[in-house]
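Each chain, letter by letter, is given below.
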Amino acid sequence: MRGFFCAIDKNTVLKLNIEEVMLKKIKYIILILAPFVIAFFYAKASGFFESRLESPVGPAYVKPVPQDWKKAQARRRADIADHIESKQVNYDHFANFPVSATNGIPLIVLKLLPKVAPEFWGDEDNFLSVMGLFNDERLVGYPFPRGIGFTGLVRTDANAEIDYASFTCGGCHIGRVRLDDGTFEYLDGGVNTEFNVIGYRERIVQSLDKIYDNETDKTKKSQLVVARFLAELEKVEQQDSNYFYNNYRYDGRNFDSNYEAKQIELFKNDATNIINEFVTHQEKVYASWVTLTKKYYPNIKDRINSGFAGMEDAIGFNAASAYQAFNDSAATKIIAPLVQPGSHGVTDIMVVWDQDSHDPVWNADKTRLINGGGQWNGHIPLPMYKNIAAQITLGFANIDISVSAHAEKLLQKLPPAIYPFDVDLELAKKGQTLFKDNCADCHQPNNGMVYTQMGTDMGRANVAGTIITVGAQASFAGDSNCSPTTTIEMEGEQVQPCAQYRGVSLVGQSKQVMLPPKVQNGYNALPFPGLWAQAPYLHNGSVPTLYHMLVPNERPDVFVKSQLSYDKKLVGFVWQVNDWTKQEGYLFDTTSSPSISHQGHDQDIQLNDKTYKLDWSDDKQSAWALIEYLKTL
């Protein structure tokens with residue numbers, strides 16, 4: 001019996017030894033294969049196996065010079081007016097409705113800022129002008145300048161909760177130009193070159209610091225802020241029953257003194273929590289932004305902490321908010337740096353009119369996008385998701401998808417603003433030929449190609465790395481933002497704005513939400529509708545005029561940005577430092593950081609066995625003809 005059991009024991013031991021050896025081999029194989037598997041999936045997510053977007057097949061479109069410039073101006077202005085009138089509801093949401101239906105700065109707090117800290121906010125009648133938001137004469141009776149919306153405009157139950165204010169699409173994308181008689185022409189879908197979203201957040205933090213008056217105790221700081229805002233609110237109540245809403249009316253909603261009194265009551269009932277939440281959020285987001293600027297803008301961190309008017313960081317505040325959320329949790333703190341962008345992304349605000357000229361199309365079997373482009377580097381090609389990304393970038397929670405959907409309907413065919421001054425049509429016709437030969441192949445509508453050989457700083461092209469891309473694909477197309485089943489109400493109908501694109505279902509197409517880095521690692525050559533109004537030029541706004549684009553050896557290192565008067569000769573907003581009165585605009589030093597360098601698009605290039613002339617320094621007569629043509633677009 002002992003031998004029998006011993007035999008069994010030996011066999012069992014032998015079997016166990018074999019299993020142990022096999023297990024070790026399996027573990028060894030897994031250890032060997034794991035890096036390759038990880039590398040494969042990372043490469044797939046990064047786009048190593050994907051094709052880049054392309055340019056359209058066939059001769060490039062060249063817009064002819066009109067025969068009569070005055071008639072062309074009148075016709076374009078009429079087309080813009082007709083389009084907006086036909087899309088009035090869409091326009092209202094784009095221009096005036098808040099990017100978040102539930103989040104932002106408490107409206108009462110926002111309107112009390114010039115009372116609390118007038119040194120940072122200026123004139124009460126237009127206190128947001130310090131951050132570049134202006135009173136638009138077309139917006140009669142509105143309690144804010146163009147660019148601020150509030151949740152009372154969209155809330156179902158008028159007085160269910162307090163109103164929050166946040167920016168609108170129009171804050172960035174309704175600009176203006178000063179005409180010869182001193183009046184303004186508004187640029188719907190253009191660029192608000194005065195808007196400084198970062199400066200707004202900085203001024204809030206400065207206002208809070210003023211209230212603290214060097215107090216360091218957290219509880220006492222909270223008490224000081226709450227007391228100060230409530231004290232100013234008490235004064236306002238006694239002086240003006242329509243201070244906050246200006247007795248405004250919109251679409252059957254009356255924001256009268258009764259509405260205002262109810263809002264004040266709701267605010268007072270929970271003032272401590274409301275104000276403390278506002279303070280905590282603003283200070284954390286701005287602190288996260290400062291952390292980001294130290295990393296990506298070491299040469300200009302102090303300057304960029306105050307913001308550049310007319311510019312944004314491509315994903316700065318969104319990344320800052322994500323970093324803040326991860327960093328606040330012990331469980332995720334270690335991976336917080338991974339949600340920061342791959343590079344600096346400072347960029348000029350883009351025009352958004354005539355979006356159809358940017359939109360991509362599907363290949364023959366409708367499995368992938370083959371051309372079209374997106375933003376500066378084309379990483380978000382679908383127009384609906386471009387709009388969503390723009391909303392998210394502003395750093396507010398719970399964005400309102402309907403704003404993006406309305407914007408898509410408005411912008412697809414919105415005509416560009418026409419050059420409001422005179423044009424030499426005979427010279428422009430000479431420029432048309434030069435454009436056809438040297439510019440049209442790249443700067444044609446719906447060109448999805450990205451270019452890496454232009455010599456411009458590549459930071460903006462690299463902001464969205466693989467991790468951010470995968471995260472965006474999941475979150476943008478998720479139920480919390482806009483999945484194929486997301487349903488909203490638009491103009492009395494239930495619609496699914498992210499269910500399909502150009503007749504193709506987006507179910508299972510989340511990769512189209514944000515293209516992988518290797519697919520979009522470069523810059524789009526954007527089409528030119530309303531090019532005259534897109535100054536300054538390059539993605540980082542570092543070249544003040546069209547003349548300086550074409551004659552790069554005369555580009556100024558330092559110029560004045562964000563003035564509203566126009567340089568009709570060189571074609572750009574007035575930029576000369578020597579004539580600057582400091583009443584508007586700011587100095588922009590392109591040598592202070594690689595992120596705002598004016599290098600690029602400054603040497604002739606060869607593509608597909610053809611040489612394209614980009615530097616016209618040796619042929620200025622042709623440059624003037626080309627400039628004259630570009631005015632007409």
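Residues numbered from 1 in each chain as written. Predicted model: local features only at pLDDT ≥ 70, side-chain atom pairs only at ≥ 80, totals over all residues. Heavy atoms only, no water.

### Section: the pattern of salt bridges
Under the counting rule described, the total for this entry stands at 26 salt bridges. Among the ionic pairs, Arg-138 bridges to Asp-136, the shortest N-O distance being 2.8 Å. Judged by relative accessible area, which is 5%, Asp-136 ranks as buried. Between Glu-584 and Arg-178 there is a salt bridge whose closest N-O contact spans 3.0 Å. Residue Glu-584 is found in the loop between strand 20 (572–573) and strand 21 (586–589), and its partner Arg-178 is found in strand 4 (residues 174–178); the two are separated by 406 residues along the sequence. Look at Glu-584 and you get partly exposed, because its relative accessible area is 21%. Bridged by salt links that share partners, the residues Asp-136, Arg-138, Arg-146 and Asp-188 form one connected network. (Salt bridge = Lys/Arg side-chain N within 4 Å of Asp/Glu carboxyl O. Buried < 20%, exposed > 50% of the residue type's maximum accessible area, 1.4 Å probe, protein only. Helix = DSSP H or I, 4+ residues; strand = E, 2+ residues; numbered from the N terminus.)

### Topic: empty space enclosed by the protein
All chains considered together, the criterion is met by nine cavities of 30 Å³ or more. If you add up the space inside the largest cavity, you get close to 730 Å³. Considering the residues around the largest cavity, the lining is formed by 37 residues, among which His-443, Phe-528, Leu-538, Met-549 and His-601 are closest to the centre. Its residues assigned to classes, the lining of the largest cavity comprises 27 nonpolar, eight polar and two charged. Forming the walls of the second largest cavity are Glu-50, Ser-51, Leu-53, Arg-368, Leu-369, Lys-511, Gln-512, Leu-515, Pro-516 and Val-519. Taken together, the residues of the lining of the second largest cavity sort by class into five nonpolar, two polar and three charged. (1 Å grid on protein atoms, 1.4 Å probe; cavity = no way out; pocket = protein on both sides within 12 Å on 5 of 7 lines; lining within 4 Å. Points joined across faces, edges and corners; volume = space filled by probe spheres on them. Nonpolar A, V, L, I, M, F, W, Y, C, P; charged D, E, K, R; others polar.)

### Considerations on the packing of helix 7 (residues 197–212) against helix 8 (residues 218–239)
Contact pair helix 7 / helix 8: the axes reach a minimum separation of 9 Å and the direction vectors enclose 105°. Taken together, the axes of helix 7 and helix 8 lie roughly perpendicular to each other. Every residue of helix 8 that contacts helix 7 at Leu-208, Lys-210, Ile-211 and Tyr-212 is listed here: Lys-221, Leu-224, Val-225, Arg-228 and Phe-229. (Axes fitted to C-alpha atoms, helices over the stretch in contact; angles between N-to-C directions. Parallel < 35°, antiparallel > 145°, perpendicular 65-115°, else oblique. Contact = heavy atoms within 4.5 Å.)

### What about the nonpolar core?
Ranked by size, the top nonpolar core spans 136 residues in total, and within it Leu-110 and Phe-244 carry the most contacts. Counting residues per element, this core draws most heavily on helix 10 (residues 271–296), which supplies 10 residues. Ignoring sequence-local partners within four residues, the contact set of Phe-244 consists of Leu-107, Ile-108, Lys-111, Leu-112, Pro-143, Leu-233, Val-236, Glu-260 and Ile-264. Of all hydrophobic cores here, the second largest spans 32 residues; its members include Ile-399, Ala-405, Val-513 and Leu-515. (Core = buried A, V, L, I, M, F, W, Y, C linked by side-chain atoms within 4.5 Å.)

### Focus on the state of the cysteines
The full count for this structure, using the stated rule, is one disulfide. The cysteine Cys-439 is free of any disulfide, with Cys-442 supplying the nearest cysteine sulfur at 8.6 Å. (Disulfide = S-S within 2.5 Å.)

### Here's the deal with unusual backbone geometry
The omega angle of the peptide bond from Ala-535 to Pro-536 is -5°, so this bond is cis rather than trans. Mapped onto the secondary structure, Pro-536 falls in the loop between strand 17 (523–524) and helix 17 (546–550). Phi angles above zero are rare outside glycine, and Ser-562 is one such case at about 75°. Along the chain, Ser-562 falls in the loop between strand 18 (558–561) and strand 19 (566–567). On the accessibility criterion, Ser-562 (10% relative accessible area) is buried.

### Section: helix 14 (residues 401–411)
Most of helix 14 is tucked away: nine of the 11 residues are buried. Looking at helix 14, one finds that the buried residues are Ile-401, Ser-402, Val-403, Ser-404, Ala-405, His-406, Ala-407, Leu-410 and Leu-411. Looking at the buried side of helix 14, the elements it contacts are helix 2 (69–86), helix 3 (88–96), helix 6 (169–173), helix 13 (383–393) and strand 13 (488–490).

### Side note on the sheet that holds strand 1 (residues 105–106)
Two modes of strand pairing occur in sheets, parallel and antiparallel, and in both the strands are linked by backbone hydrogen bonds. Strand order in the open sheet formed by three strands is 1-3-2, and the pairing between neighbours is antiparallel. In the strand order of this sheet, the two ends are held by strand 1 and strand 2 (148–150), each with one partner. Pairing between strand 1 and strand 3 (residues 164–167): two bridges, direction antiparallel. Residue pairing in the sheet places Ile-105 in a bridge with Ala-165 of strand 3. (Pairing = 2+ DSSP bridges.)

### Considerations on the packing of aromatic side chains
With the rule as written, the count across this model stands at 30 aromatic pairs. For the ring pair Tyr-245 and Phe-255, a centre distance of 5.9 Å and an interplane angle of 15° mean the geometry is stacked. Linking Tyr-245 in the loop between helix 8 and strand 6 (248–250) with Phe-255 in strand 7 (residues 253–255), this pair joins segments that are 10 residues apart in sequence. Of the two residues, Tyr-245 and Phe-255, both sit in the buried class. Relative to Phe-588, the ring of Tyr-586 lies with its centre 6.4 Å away and its plane at 80°, an arrangement referred to as edge-to-face. (Phe/Tyr/Trp six-rings, centres within 6.5 Å; stacked < 30°, edge-to-face > 60°.)

### Observations concerning the confidence of the model for the protein
With 93% of its residues at a pLDDT of 70 or more, the protein shows a mean pLDDT of 90. Across residues 1–7, confidence stays below pLDDT 50; counting only partners more than four residues off in sequence or on other chains, it has zero contacts. (pLDDT = per-residue confidence, 0-100.)

### Overview of the pairing of strand 4
Counting buried positions along strand 4 gives four out of five residues, so the element sits mostly inside the fold. Bridge count for strand 4 against strand 5 (residues 184–188) is five bridges, and the pairing is antiparallel. Bridging across to strand 5, Arg-178 finds its partner in Phe-184. A loop of five residues connects strand 4 with strand 5, the two strands running antiparallel in sequence, and Gly-182 in this loop sits at a positive phi of about 90°.

### A word on the side chain of Gln-534
Take Gln-534: it is sitting in the loop between strand 17 and helix 17. Only 2.9 Å separates the side chain of Gln-534 from the backbone oxygen of Pro-529, close enough to count as a polar contact. With sequence-adjacent residues up to four places away left out, Gln-534 is seen in contact with Val-351, Trp-353, Phe-528 and Pro-529. (Polar contact = N/O pair within 3.5 Å; in protein donor to acceptor, adjacent residues only side chain to side chain.)

### Thoughts on the side chain of Gln-512
Take Gln-512: it is sitting in the loop between strand 16 (504–505) and strand 17. If sequence neighbours within four positions are ignored, Gln-512 has contacts with Trp-362, Thr-367, Arg-368, Leu-369, Pro-381 and Leu-382.

### Brief notes about the environment of Met-514
Note on placement: Met-514 falls in the loop between strand 16 and strand 17. The exposure class assigned to Met-514 is buried, which follows from its relative accessible area of 4%. Sequence separation of Met-514 and Val-470 is 44 residues, and the distance between their C-alpha atoms is 8.1 Å. Those residues in contact with Met-514 that sit more than four places away from it in its chain are His-379, Ile-380, Ala-464, Ile-468, Thr-469, Ala-472 and Gln-473.

### Concerning the packing of helix 8 against helix 9 (residues 257–269)
Look at helix 8 against helix 9: their axes get within 12 Å of each other, and the N-to-C directions meet at 160°. Of the possible angle classes, the one that applies to helix 8 and helix 9 is roughly antiparallel. The two elements helix 8 and helix 9 cross, and the hand of that crossing is left-handed. Along its contact with helix 8, which presents Leu-230, Leu-233, Glu-234 and Glu-237, the element helix 9 presents Ile-264, Phe-267 and Lys-268. A breakdown of the residues in the contact of helix 8 with helix 9 according to their chemical character gives four nonpolar, no polar and three charged. (Left-handed = near helix turned anticlockwise from the far one by under 90°.)

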